[in-house]
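# Observations on the three-dimensional arrangement
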Amino acid sequence: AQRLLDLFDRTTGEALAAMQQAIVAADLATVQRGLHSLKSSAGQVGAMALAAEAARADAAMRRGELDTAALPALLQRLQASHRRFAGAVAMQRAA
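Worth saying up front: this structure is predicted, and the values here are computed from it rather than measured.

So, about helix α1 (residues 2-24). Relative to the 33 Å expected for 23 residues at 1.5 Å per residue, α1 spans 33 Å between its end C-alpha atoms, a close match to the ideal helical length. Of all the positions in α1, only Leu 5, Phe 8, Thr 12, Leu 16, Met 19, Ala 22 and Ile 23 are classed as buried. Looking at the packing, one finds that the buried side of α1 touches α2 (28-45), α3 (48-62) and α4 (71-94). Count one or two residues on from α1 and you reach Ala 26, which has phi positive near 60°.

Taken as a whole and judged by the stated rule, the model has six salt bridges. Taking the shortest distance from any N to any O, the salt bridge between Arg 56 and Glu 53 comes out at 3.0 Å. Here the residue Arg 56 and the residue Glu 53 both occupy positions in helix α3, the gap between them amounting to three residues, near one helical turn. For Glu 65, the salt bridge goes to Arg 63, with nearest N and O atoms at 2.8 Å. For Arg 63, a relative accessible area of 52% puts it in the exposed group. A cluster of three or more residues bridged by salt bridges with shared partners is formed by Lys 39, Asp 58 and Arg 62.

Criteria and thresholds
- Residues numbered from 1 in each chain as written.
- Predicted model: local features only at pLDDT ≥ 70, side-chain atom pairs only at ≥ 80, totals over all residues.
- Heavy atoms only, no water.
- Helix = DSSP H or I, 4+ residues; strand = E, 2+ residues; numbered from the N terminus.
- Expected span 1.5 Å × (residues − 1).
- Buried < 20%, exposed > 50% of the residue type's maximum accessible area, 1.4 Å probe, protein only.
- Contact = heavy atoms within 4.5 Å.
- Salt bridge = Lys/Arg side-chain N within 4 Å of Asp/Glu carboxyl O.

This is the structure in structure tokens:
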């Protein structure tokens, strides 16, 4: 299980960095694919807050309801949720 969590942490960091680049480039298709993947992978490891945030944003993008101006704030929320989950995993390891 620990290897899976380590893999999730690393790949999520990479995915969030790729989403940041896609936001800067206004590549909405890449942002949406990233959200969809993040929703699934976060749910698989129990990062439910991160999965829920990604799911809401993914659905809003699919409906055309997510303003591109809101994407940087969305990315910040996703990054914060990822940090909280990683911190909780680290505390669990230490216990």
